[in-house]
Amino acid sequence: MKLSVPHLAFSARRPGRAAVTAVVAAAALLTTGSMAGAAPAPLGAAAPPVEVAAAPDLPVANVKAHLTQFQSIATANGGNRAHGRAGYLASVNYVKGKLDAAGFTTTVQSFTSGGRTGYNLIADWPGGDPNQVVMAGSHLDSVTSGAGINDNGTGSAAVLEAALAVSRANYQPTKHLRFGWWGAEELGLVGSRYYVNSLSTANRARISGYLNFDMIGSPNPGYFVYDDDPTIERTFKDYFMGIGVPTEIETEGDGRSDHAPFKSAGIPVGGLFTGASRAKTAAQVTKWGGTSGQAFDRCYHSSCDTTSNINDTALDRNGDALAYAVWELSE
Ligand code: DTR
Ligand code: ZN
Ligand code: ZN
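Criteria and thresholds
Residues numbered from 1 in each chain as written. Chains lettered and ligands numbered in written order. Predicted model: local features only at pLDDT ≥ 70, side-chain atom pairs only at ≥ 80, totals over all residues. Heavy atoms only, no water. Pairing = 2+ DSSP bridges. Helix = DSSP H or I, 4+ residues; strand = E, 2+ residues; numbered from the N terminus. Contact = heavy atoms within 4.5 Å. Axes fitted to C-alpha atoms, helices over the stretch in contact; angles between N-to-C directions. Salt bridge = Lys/Arg side-chain N within 4 Å of Asp/Glu carboxyl O. Buried < 20%, exposed > 50% of the residue type's maximum accessible area, 1.4 Å probe, protein only. Donors = N, O, S within 2.8 Å, 3.2 Å for Na, K, Ca; no water. Disulfide = S-S within 2.5 Å. Phe/Tyr/Trp six-rings, centres within 6.5 Å; stacked < 30°, edge-to-face > 60°. Lys NZ or Arg CZ within 6 Å of the ring centre and 35° of its normal. Tetrahedral: all angles 85-135°; square planar, octahedral: opposite > 155°, others 65-115°. Near = heavy atom within 4 Å. Polar contact = N/O pair within 3.5 Å; in protein donor to acceptor, adjacent residues only side chain to side chain. Areas by Shrake-Rupley, 256 points an atom, 1.4 Å probe, with all protein chains shown as cover. Nonpolar A, V, L, I, M, F, W, Y, C, P; charged D, E, K, R; others polar.

So, about the sheet that holds strand 4 (residues 175–182). In space, the eight strands of this open sheet follow the order 1-2-4-3-5-8-6-7, with mixed pairing throughout. Whereas interior strands pair on both sides, the edge strands pair on one side only; in this sheet they are strand 1 (105–113) and strand 7 (248–249). Looking at chain direction, strand 2 (residues 116–125) and strand 4 are connected through five bridges and run antiparallel. By the bridge assignment, Leu121 is partnered in strand 4 with Trp181. On the sheet, helix 10 (residues 312–330) packs against strand 3 (129–139), strand 4, strand 5 (207–213) and strand 8 (269–273) and is oriented at approximately 145 degrees with respect to strand 4.

Take a look at the structure:
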């Protein structure tokens, strides 16, 4: 059985690459003249692009529009989007509809937990090396006590918007891209474990890395990066360093989200998190602002986890970091 060595699963990133690619992309635009009123191609600009496109900025307005939809779904279905409830399946159908329209190959995988049917949604972007799969995922279920907008509408909406950005850019990376939305995380990582267990040994070994996003818009946010696969961790830290935002290692419960089943199967994992019920320290306020002695998310697992329970800046930065990592790790 061949399991990839975690830190060799991704090719090393060359420093300064994002800046270079941005310039090349601009030159290519001028060369093709596809922009209305574009200047003629400058002499010497016709060299073929040697780098792939840089990751896009994920429009936070789009991510927030998905959160508004999740809130409406909860409101119309008894106030939550929990496993086995109508609001969960409606959430799956919302995300699936967007992905299908964008050209993804979607699969709904059903399972049973607690006597109720649960669903995982998987979306494959056609193309790329099937033996090198880069995955990003998030849990789509809420607890029964609320709409689950920070936990985990934020991860679900940002992963969806990253997938839609792949489609808009018609990004054709070297590796194969797959996105996942997990059911019944709140019952104990049930959906993600079911997915990993359903993979053959060969298909498990094809996954180069799994990136997890669970709570990335906490109202009193911290910027936490999972301390796991070194290449994935480095990629996220590079992004935040580039925008001048300090990060810390995630310590509020290692293994408490959907990356855990992937990690247990030997798949390199990483992820982002802005904090749950733990209190922000004075030192963290010095770094990030916010309120000392107050939870990162005072509405964690509560009825007040609504669209009002979001820090837009944290959501914006984490969405951009997500897109950056998806692009960098799949090229
Ligand atoms: N699993 C989350 C909350 C959570 C707590 N600690 C962490 C660490 C990393 C990601 C998420 C979390 C929930 O869904 O309740
Ligand atoms: Zn939760
Ligand atoms: Zn969660």
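What follows is about the pattern of salt bridges. Overall, the coordinates contain eight salt bridges when judged by the stated rule. For Glu248, the salt bridge identified is with Lys287, shortest N-O distance 2.6 Å. In this pair, Glu248 is assigned in strand 7 and Lys287 in helix 9 (residues 282–288), connecting sequence segments 39 residues apart. Note on Lys287: relative accessible area 38%, which makes it partly exposed.

A few words on the coordination of the zinc ion (ligand 3). Protein-derived ligands of the zinc ion (ligand 3) are His139 (NE2), Asp151 (OD), Asp214 (OD) and Asp214 (OD), with the metal-ligand distances lying across 2.0 to 2.6 Å. Between consecutive donor residues of the zinc ion (ligand 3), the sequence gaps follow H-x11-D-x62-D. Between the two metals, the zinc ion (ligand 3) and the zinc ion (ligand 2), the spacing is 3.5 Å, and Asp151 donates to both. Here the residue His139 occupies a position in strand 3, and Asp214 occupies one in the loop between strand 5 and strand 6 (224–225), the gap between them amounting to 75 residues.

Two cysteines, two sulfur atoms, one covalent bond between them: this is a disulfide. Considering all chains together, one arrives at one disulfide under this definition. With its sulfur 2.1 Å from that of its partner, Cys299 forms a disulfide with Cys304. Around the S-S axis, the bridge from Cys299 to Cys304 shows a dihedral of about -110 degrees and counts as left-handed. On the accessibility criterion, Cys299 (11% relative accessible area) is buried.

The next thing to look at is the packing of aromatic side chains. The way to describe two aromatic rings as a pair is by their centre distance and the angle between their planes. Using the criterion set out here, one finds 18 aromatic pairs in the structure. Consider the rings of Trp182 and Tyr210, whose centres lie 6.3 Å apart with planes at 55 degrees: the pair is tilted. Linking Trp182 in strand 4 with Tyr210 in strand 5, this pair joins segments that are 28 residues apart in sequence. Both residues of the pair, Trp182 and Tyr210, belong to the buried class. Seen from their ring centres, Tyr239 and Phe240 are 5.9 Å apart, and the 80 degrees between their planes marks the pair as edge-to-face. For the pair Tyr239 and Phe240, one class covers both residues: buried. One residue, Arg81, lies across the ring of Phe70, its end atom 4.7 Å from the ring centre.

In this structure, Asp151 (OD), Glu186 (OE), Glu186 (OE) and His301 (NE2) serve as the protein donors to the zinc ion (ligand 2), at separations of 1.9 to 2.5 Å. In this structure, the zinc ion (ligand 2) is surrounded by six donor atoms whose angles at the metal cover 55 to 154 degrees, and the resulting shape is irregular. As a motif over one chain, the donors of the zinc ion (ligand 2) read D-x34-E-x114-H.

Moving on to the site of ligand 1. As a matter of local geometry, ligand 1 sits amid 15 residues, with Glu185, Glu252, Arg256, Tyr300 and His301 nearest to it. Separating an oxygen atom of ligand 1 from a side-chain N or O atom of Glu185 is a distance of 2.9 Å. Side-chain polar atom of Asp214 to a nitrogen atom of ligand 1: 3.1 Å apart, as the coordinates give it. In isolation ligand 1 offers 360 Å² of accessible surface; the protein chains occlude 98% of this area. Of the residues contributing to the shell around ligand 1, the split by class is four nonpolar, four polar and seven charged.

On to the side chain of His259. Mapped onto the secondary structure, His259 falls in helix 8 (residues 259–264). In contact with His259, other than residues within four places in its own chain, are Tyr210, Asn212, Tyr226, Asp254 and Val269.

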